Amino acid sequence: MNRAFVTALLTFAALRSTAAQAPGDTLRLTLDTALRRALDQSFAMRLARADQAEANGQVREALSAALPQLTSSITYTRQFASIYQGLGGADTSSLGKLFQNTPFGAPNLWNVQLQATQLLWAGGKVGAGLAAAKAVRQVATLNQAETAADVTFQVTQAYWNAALQDRLLAIAVENLDQARRQLRQVRLFRQAGTRAEYDLLRAQVDAANQEPAVVQAKNGRDLALLELKRLLNLPADQPIALETTLESPDATIPVLATDSLGAPERPGLAAADVTVTGREQLLKAARADHWPTLSVATTYNEQAFPQSVFPAGGDVFRRGWNGELKLSFPIFVGFRTEGRVEQARAAVLRAEAQRDQLRRQVELEVAQAKAEVAAARALLVARRETVRQAERAHYLAGVRYTNGMATQLEVSDARVASQQAAVNEVQATRDYLVALARLERALGRPVPVVRQPIEQLAQTFNVKDTQP
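Below you will find a few notes about this structure. Owing to the predicted nature of the structure, the values given are computational and were not obtained by experimental measurement. (Residues numbered from 1 in each chain as written. Predicted model: local features only at pLDDT ≥ 70, side-chain atom pairs only at ≥ 80, totals over all residues. Heavy atoms only, no water.)

1. Observations regarding helix α7 (residues 211-232)
Its 22 residues give α7 an end-to-end C-alpha distance of 32 Å, which sits within 8% of 32 Å, the value for a rise of 1.5 Å per residue. If you check which residues of α7 are buried, you get V214, A217, G220, A224, L225, L228, K229, L231 and L232. If you follow the buried residues of α7, they end up packed against β1 (27-29), α2 (31-41), α5 (125-192) and β4 (240-242). Just downstream of α7, N233 is the residue with a positive phi angle, here 60°. (Helix = DSSP H or I, 4+ residues; strand = E, 2+ residues; numbered from the N terminus. Expected span 1.5 Å × (residues − 1). Buried < 20%, exposed > 50% of the residue type's maximum accessible area, 1.4 Å probe, protein only. Contact = heavy atoms within 4.5 Å.)

Below, the structure written as structure tokens:
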């Protein structure tokens, strides 16, 4: 009850904050706030919570078989013709009058009945069915956790994709500005008569060639934001701004604190084990159909036989009460029980095979994710160093061109190389952060990390590379 109250309170607060925000306002999202919203309002989590509620209902239904069954009914019967009519002729004291206040001769019958039934023993079927239902509920809980892990990874990946596209757009815009500044400089040189017409034409073409890149980068950013909005269950026209950037302000990146990460703790693995247990309980319940069932029942009823439709004040309700103890033996049911047992046994074998297959798959995912983290980190360090070299080369090319020692083509090539190096760096940063998220998804838990400067990592790799 406390958990439901807290969930309802959080949902109300989220809806209230959403309603308070105008549709045209820009929604500023950090990675943490995006994850919280996705875990609360995404379609996948809503479906997982519905599965959990359905599993709770299955447990209640299975428990009902072990509890007393109490039913009540009111029945009215109208007898239009009876074989006992006319038995006494005209004599009102004869046999016909005797039957007029009985179920045989009364034209109207009212029956008020209360019945209670309790199953005493069914060969363990009820207990096995209840255990299987509880296993289904536990599987639903674990699947909800598995879904939350999936949603977390998908939103993290989409967020970093959007941040990457946002950064690529900024790089394209900056590159266009640099090309236009270079064009203005070449025009001044041309007016002064120190540069040839070829340099001016080259600068004009170079600046014009950067405009489609800006349009393409803007389109890529818009598509990435739409995908993020879909995962967060946001309207497509809702403006959003990403507050978490790919590059940290202190130029550090998260690095695994240890190489020994331990065994995976995926909720899906635990769900597979519980599924096998539940299938075994269903097999036990199927085998219980070979045993007899013992039950006890009692019925209390009140009957009235009025001459009119509804009982009047003079009509008397006659009371009946009986008890029953029933022992039922399944002698032959056409091999139905054997068929159910065979199907339940096959379901156990299937669940065991799926569990073992999932274990091998998770082991492979963890190994691949660890390798991807190591490769992405090495590539990121290398890209970082390349960016510095490309920026330095671009600067020197500009100085050489100003002093008449280089051509416009060399400046253009250096700028394009610098832009490509910057693009490669942000792409490597995105790949590294996504690789860390994928490793956490494969393990089923956060990994221990420490933040280290990229320069320090570059020195570490350089030392390793120089060792024989």
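2. With respect to the nonpolar core
Residues V155, Y159, W160, L228, L232, Y432 and L439 are the most contacted members of the largest nonpolar core, which totals 53 residues. Elements represented by at least two residues in this core include exactly β1, α2, α5, α7, β4, β5 (252-256), α9 (336-402) and α10 (408-443). The residues contacting L228, other than those within four sequence positions of it, are V155, A158, Y159, I240 and L242. Within the second largest apolar cluster, 11 residues are counted, among which are L183, V186, A207 and A414. (Core = buried A, V, L, I, M, F, W, Y, C linked by side-chain atoms within 4.5 Å.)

3. Remarks on the packing of α5 against helix α8 (residues 267-287)
A pair of packed helices is captured by two measures, namely the crossing angle of their axes and the spacing between those axes. Remark: α5 packs on α8, axes separated minimally by 8 Å, with the N-to-C direction vectors making an angle of 165°. Considering their axes alone, α5 and α8 lie roughly antiparallel with respect to each other. As α5 packs across α8, the resulting crossing turns out to be left-handed. From α5, K125, A128, G129, A131, A132, A135, Q138, V139, L142, N143, A145 and E146 reach across to α8, where they touch P267, G268, A270, A271, V274, T275, G278, Q281, L282, K284 and A285. Grouping the amino acids of the contact of α5 with α8 by side-chain chemistry returns 13 nonpolar, 7 polar and 3 charged. (Axes fitted to C-alpha atoms, helices over the stretch in contact; angles between N-to-C directions. Parallel < 35°, antiparallel > 145°, perpendicular 65-115°, else oblique. Left-handed = near helix turned anticlockwise from the far one by under 90°. Nonpolar A, V, L, I, M, F, W, Y, C, P; charged D, E, K, R; others polar.)

4. What to know about the sheet that holds strand β2 (residues 69-78)
Within the open sheet, the 4 strands sit side by side as β2-β3-β6-β7. Their pairing is antiparallel. Edge positions in the sheet fall to β2 and β7 (318-328), since each has one partner strand and no second. Mean inter-strand twist for the sheet, computed between neighbouring axes without regard to direction, equals 20°. Across 10 bridges, β2 lies against strand β3 (residues 108-121) in antiparallel orientation. (Pairing = 2+ DSSP bridges.)

5. A look at the pattern of salt bridges
With the rule as written, the count across this model stands at 23 salt bridges. When the shortest N-O distance is used, the salt bridge between R180 and E211 registers 3.5 Å. Note that R180 is positioned in helix α5 and E211 in helix α7, a separation of 31 residues in sequence. Ionic pairing is found between E363 and R360, a salt bridge with its closest N-O pair at 3.1 Å. Taken as a pair, E363 and R360 lie in helix α9 at a separation of 3 residues, close to a single helical turn. According to the relative accessible area criterion, R360 is partly exposed, its value standing at 49%. (Salt bridge = Lys/Arg side-chain N within 4 Å of Asp/Glu carboxyl O.)

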